[in-house]
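Examining the three-dimensional arrangement
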Amino acid sequence: MSENNQLRDVFDAIADPTRRRLIRLLAGAKEKPLHELTAQFEMGRTAVSKHLTILKEAGLVLDRKVGRETRYRLNATPLREIQDWVAFYSQFWSTNMLRLNQLLEEEEE
């Protein structure tokens, strides 16, 4: 888990396609109420709410009550952990491909 002592691992939270779609929907808006998010899926309000809870436990979603309505917004900060991981392996593969190209060029000589 990250330094933020989150309840759920960010990688685990984004592993599900529904949760990745929720992140994308929230990224495109300042905040959205639960009923608007639910309308984007072929599942009930309770199922969407459970996915949002997992994202909230990972620190990816923040919520606030406005009357009887709960509104959600994206907190993208924990996604840096994903970005750092991908950047490491991107550099790893770039370096290894460069080495492979050098070896192939040496063999051709």
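Residues numbered from 1 in each chain as written. Predicted model: local features only at pLDDT ≥ 70, side-chain atom pairs only at ≥ 80, totals over all residues. Heavy atoms only, no water.

Remarks on the overall build of the protein
- Broken down by element type, the protein carries five helices and three strands.
- Its helices and strands in sequence order give the protein the pattern α-α-β-α-α-β-β-α, from N to C terminus.
- Taking 109 residues into account, the globule formula puts the C-alpha radius of gyration at 13 Å, and the protein, at 20 Å, lies well above it.
- The C-alpha extent of the protein, read off along each of the three principal axes, is 75 × 30 × 20 Å.
- The burial tally for the protein puts 27% of its 109 residues in the buried class.
- Counting contacts in the protein only where the partners sit at least 6 residues apart, residues at least 24 apart contribute 53% of the total.
- Here the protein displays about 7,900 Å² of accessible surface, and carbon together with sulfur accounts for 50% of that area.
- Between the mean site of the 17 positive side-chain charges and the mean site of the 17 negative ones, the protein shows a separation of 17 Å. (Helix = DSSP H or I, 4+ residues; strand = E, 2+ residues; numbered from the N terminus. Rg over C-alpha atoms; globule rule 2.2 N^0.38 Å. Buried < 20%, exposed > 50% of the residue type's maximum accessible area, 1.4 Å probe, protein only. Contact = heavy atoms within 4.5 Å. Areas by Shrake-Rupley, 256 points an atom, 1.4 Å probe, with all protein chains shown as cover. Lys, Arg positive; Asp, Glu negative; His and termini not counted. Charge placed at Lys NZ, Arg CZ, Asp CG, Glu CD.)

A closer look at the confidence of the model for the protein
- The pLDDT averaged across the protein works out to 89; a share of 94% of its residues lies at or above 70.
- This model gives residues 1–5 a pLDDT under 50, and the stretch forms five contacts once residues within four places in sequence are excluded. (pLDDT = per-residue confidence, 0-100.)

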